[in-house]
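For reference, the chains in residue letters:
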Amino acid sequence: MDPLERQMPKTPSFIPISTKLERIAKLAREAPGMAFKTLAHHIDVAWLHEAYRRTRKDGAPGVDRQTAEEYATNLEENLRSLLDRAKSGTYRAPPVRRVHIPKGSGAETRPIGIPTFEDKVLQRAVAMVLEAVYEQDFLECSYGFRPRRSAHHALDALWNDVTRTAGGWVLEIDVRKFFDTMDHGHIQEILRRRVLDGVLLRLIGKWLNAGVLEAGGIAYPDAGSPQGGVVSPIIANIYLHEVLDAWFAREVKPRLSGKATLVRYADDAVLFFEREEDARKVMAVLPKRFGKYGLSLHPEKTRLVEFRRPDKRPPPGTSSWGPPEGDAPSSETFDLLGFTHFWGKSRHGKWIVKRSTAKDRFRRALARVAEWCRKHLHDNVRDQQQALASRLRGHYGYFGLTGNSRALSRFWHEVKGTWRKWLNRRSQRAGMTWERMQRLLKRYPLPPPRIARPWTARAANP
């Protein structure tokens, strides 16, 4: 056993979980190259209680159809049994139930794996341990599924870098079917550099090899980690930390002639370069780097975008890229985390990076509203109003960035129109005119657009 590990005593169950987590994190910080051989002893009944508390109770049930409420009726006994099976090696990871949700536009869907509730609790317990270790290794460029970090933090970081340098070249990275193609051998190899605990590695191996129930049959994929599993996000971050983050920081950036920035949220990533030659060099080697780990880049969605500030572009005739008209997105825009980024003028007449709801996300959100209205056609009008108001507030909470007022207003009006359309179908008489709808909206108003996230920091205009 490593001498540093001997400094960490077996922690009794009465010690708060937060204290245990901090002890693991402290040791990981102090020994960044050490592989932990003993971690599973931290997971006891109290740890599982905390994992249970952190697990969503309103999620869809897995293959056993057991709900969180049913599991809680005999919680203490269930958790003790789960702990015994996990530690003894007799725990069997049940198949995940696969469902498909819409992805972008068209008929393309995203497969989601739904574990059983008990499996979610155990995955949460293991994810808590892994997070305490790997949060000490992860870099600032990574924002997805990490404590005290969000998609908006990633967007703000990119906004500041691009605006401060008057733009440059943006390399959009799209990993084809990332969660379905992560190589199991590489996952285990990468994990073993930091985690050598047999119990944890055995459990992770069982989850990676658990079957997938779909269309009445069970398949056993030889690659991937089901998107929707509780442990999958931390495994994905560990994988991409090695494949992209650490490689870019350690090997790529020192060889570049200009500034470069990576912003990654889970498997959504963009690379921003000050110089075109740097961008093209990295773009040329990216497929080989990802291919080394069993991943492939989408040839059409992985693209290089010239994104210089309009007043910094070459004169007309020397570049095929022209300035946008007004504030409308030009042909050279890029998308990240549901927003289309483009150059526009501020109220003070300065060029800034503006962000508008991406077209595919707008259509998808509106389609979900229409589907909800269809399913709840005959609900009480007040209940419909409350549900739609909640959806609008959630939409504003994410997309309510400064400069996105126009898209928010359009969404608000489209939702009102969609509601009217389906109210019109409550009877055979088409009587819900706009005049009547306006009277109904006065009685059952839908919240108007609001900017939920104004800019907190502004980059200098160089």
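Provided above is the structure to which this section pertains.
Residues numbered from 1 in each chain as written. Predicted model: local features only at pLDDT ≥ 70, side-chain atom pairs only at ≥ 80, totals over all residues. Heavy atoms only, no water.

1. Some remarks on the sheet that holds strand 8 (residues 303-308)
Here is step 1 of the chain: With respect to topology, 4 strands assemble into an open sheet ordered 6-7-3-8, the strand pairing being antiparallel. Unpaired on one side and paired on the other, strand 6 (260-265) and strand 8 mark the two borders of the sheet. Neighbour-to-neighbour, the strand axes of this sheet turn through a mean angle of 20 degrees, independent of strand direction.
Here is step 2 of the chain: As paired strands, strand 3 (residues 167-174) and strand 8 are joined by 6 bridges and run antiparallel to one another. Across the sheet, residue Val170 finds its bridge partner in strand 8, namely Val305.
Here is step 3 of the chain: Across the sheet, helix 11 (residues 232-252) touches strand 3, strand 6 and strand 7 (268-273), and the angle it forms with strand 6 is around 175 degrees.
Here is step 4 of the chain: Running at roughly 10 degrees to strand 3, helix 12 (residues 276-291) makes contact with strand 3, strand 7 and strand 8 of the sheet. (Pairing = 2+ DSSP bridges. Helix = DSSP H or I, 4+ residues; strand = E, 2+ residues; numbered from the N terminus. Axes fitted to C-alpha atoms, helices over the stretch in contact; angles between N-to-C directions. Contact = heavy atoms within 4.5 Å.)

2. Quick word on the environment of Val415
Here is step 1 of the chain: Note that Val415 resides in helix 15 (residues 405-423).
Here is step 2 of the chain: Residue Val415 is classed as buried on the basis of its relative accessible area, which comes to 1%.
Here is step 3 of the chain: Between the C-alpha atom of Val415 and that of Ala367, which follows or precedes it by 48 residues, the distance is 9.8 Å.
Here is step 4 of the chain: Residues contacting Val415, with those up to four places away along its chain left out, are Leu366, Val369, Leu392 and Leu446. (Buried < 20%, exposed > 50% of the residue type's maximum accessible area, 1.4 Å probe, protein only.)

3. Structural notes on unusual backbone geometry
Here is step 1 of the chain: The phi torsion at Arg65 lies on the positive side, around 65 degrees, for a residue other than glycine.
Here is step 2 of the chain: Tracing the sequence through the fold places Arg65 in the loop between helix 3 (45-54) and helix 4 (68-72).
Here is step 3 of the chain: Non-glycine residue Arg148 carries a positive phi angle of around 60 degrees.

4. A few points about the packing of helix 6 (residues 117-134) against helix 10 (residues 198-209)
Here is step 1 of the chain: Where helix 6 contacts helix 10, the two axes come as close as 11 Å, and the packing angle between them is 130 degrees. Accordingly, the angle class assigned to the pair helix 6 and helix 10 is oblique. The handedness of the crossing between helix 6 and helix 10 comes out as left-handed. Residues Asp119, Leu122, Gln123, Val126, Val129 and Leu130 of helix 6 lie in contact with helix 10, whose contacting residues are Leu200, Leu203, Ile204 and Trp207. (Parallel < 35°, antiparallel > 145°, perpendicular 65-115°, else oblique. Left-handed = near helix turned anticlockwise from the far one by under 90°.)

5. Here's the deal with the side chain of Arg264
Here is step 1 of the chain: Among the secondary structure elements, Arg264 is positioned in strand 6.
Here is step 2 of the chain: Note on Arg264: relative accessible area 1%, which makes it buried.
Here is step 3 of the chain: Side-chain polar atoms of Arg264 contact the backbone oxygen of Ala266, separated by 2.8 Å.
Here is step 4 of the chain: With near-sequence residues (within four places) excluded, Arg264 lies in contact with Cys141, Ser142, Tyr143, Gly144, Asn237, Leu240, His241, Leu244, Asp245 and Ala269. (Polar contact = N/O pair within 3.5 Å; in protein donor to acceptor, adjacent residues only side chain to side chain.)

6. Focus: the packing of aromatic side chains
Each aromatic ring pair is described using two quantities: the centre-to-centre distance and the angle formed by the ring planes.
Here is step 1 of the chain: In the structure shown here, the tally under the stated rule is 14 aromatic pairs.
Here is step 2 of the chain: Both rings, one in Phe248 and one in Phe273, keep their centres 6.4 Å apart while their planes meet at 75 degrees; by these two values the pair is edge-to-face. With Phe248 in helix 11 and Phe273 in strand 7, this pair connects stretches of sequence that are 25 residues apart.
Here is step 3 of the chain: By relative accessible area, which is 2% here, Phe248 ends up buried.
Here is step 4 of the chain: Connected via pairs of aromatic rings, a cluster forms that spans Phe178, Phe179, Tyr239 and Tyr293. (Phe/Tyr/Trp six-rings, centres within 6.5 Å; stacked < 30°, edge-to-face > 60°.)

7. Notes on helix 5 (residues 75-88)
Here is step 1 of the chain: Between the first and last C-alpha of helix 5 there are 20 Å, a value that for 14 residues agrees with the 20 Å anticipated at 1.5 Å per step.
Here is step 2 of the chain: Taken together, the buried positions of helix 5 are Leu75, Asn78, Leu79, Leu82, Leu83 and Ala86. Taken end-on, helix 5 shows its buried residues confined to a sector of 135 degrees, consistent with a single buried face. (Expected span 1.5 Å × (residues − 1). Arc of directions from axis to C-beta.)

8. Considering the sheet that holds strand 10 (residues 339-345)
Here is step 1 of the chain: Here we have 3 strands laid out as an open sheet, ordered 9-10-11, and antiparallel in their pairing. Pairing within the sheet leaves two strands with one partner each, and these edge strands are strand 9 (334-336) and strand 11 (351-357). Taken pair by pair, the neighbouring strands of this sheet meet at an average axis angle of 45 degrees, ignoring direction.
Here is step 2 of the chain: Bridging between strand 10 and strand 11 involves 7 bridges; their strand directions are antiparallel. If you follow Lys345 over to strand 11, its bridge partner there is Trp351.
Here is step 3 of the chain: The sheet strands contacting helix 7 (residues 151-164) are strand 9, strand 10 and strand 11, and the helix crosses strand 11 at an angle near 150 degrees.

9. Details of the nonpolar core
Here is step 1 of the chain: In terms of nonpolar packing, the biggest core is built from 84 residues, with Leu286 and Phe290 touching the most fellow members.
Here is step 2 of the chain: When residues of this core are assigned to their parent elements, the largest contribution, 12 residues, is made by helix 6.
Here is step 3 of the chain: Residues contacting Leu286, with those up to four places away along its chain left out, are Leu171, Ile173, Leu244, Trp247, Leu271 and Leu297.
Here is step 4 of the chain: Membership of the second largest hydrophobic core comes to 46 residues, among which are Tyr143, Phe411, Trp422 and Leu446. (Core = buried A, V, L, I, M, F, W, Y, C linked by side-chain atoms within 4.5 Å.)

10. Brief notes about helix 12
An α-helical turn contains 3.6 residues, so any two residues separated by three or four positions project in the same direction.
Here is step 1 of the chain: Between the first and last C-alpha of helix 12 there are 24 Å, a value that for 16 residues agrees with the 22 Å anticipated at 1.5 Å per step.
Here is step 2 of the chain: Among the residues of helix 12, Asp278, Ala279, Val282, Leu286, Arg289 and Phe290 are the ones counted as buried.
Here is step 3 of the chain: Those residues of helix 12 that are buried are in contact with strand 3, helix 11, strand 7 and strand 8.

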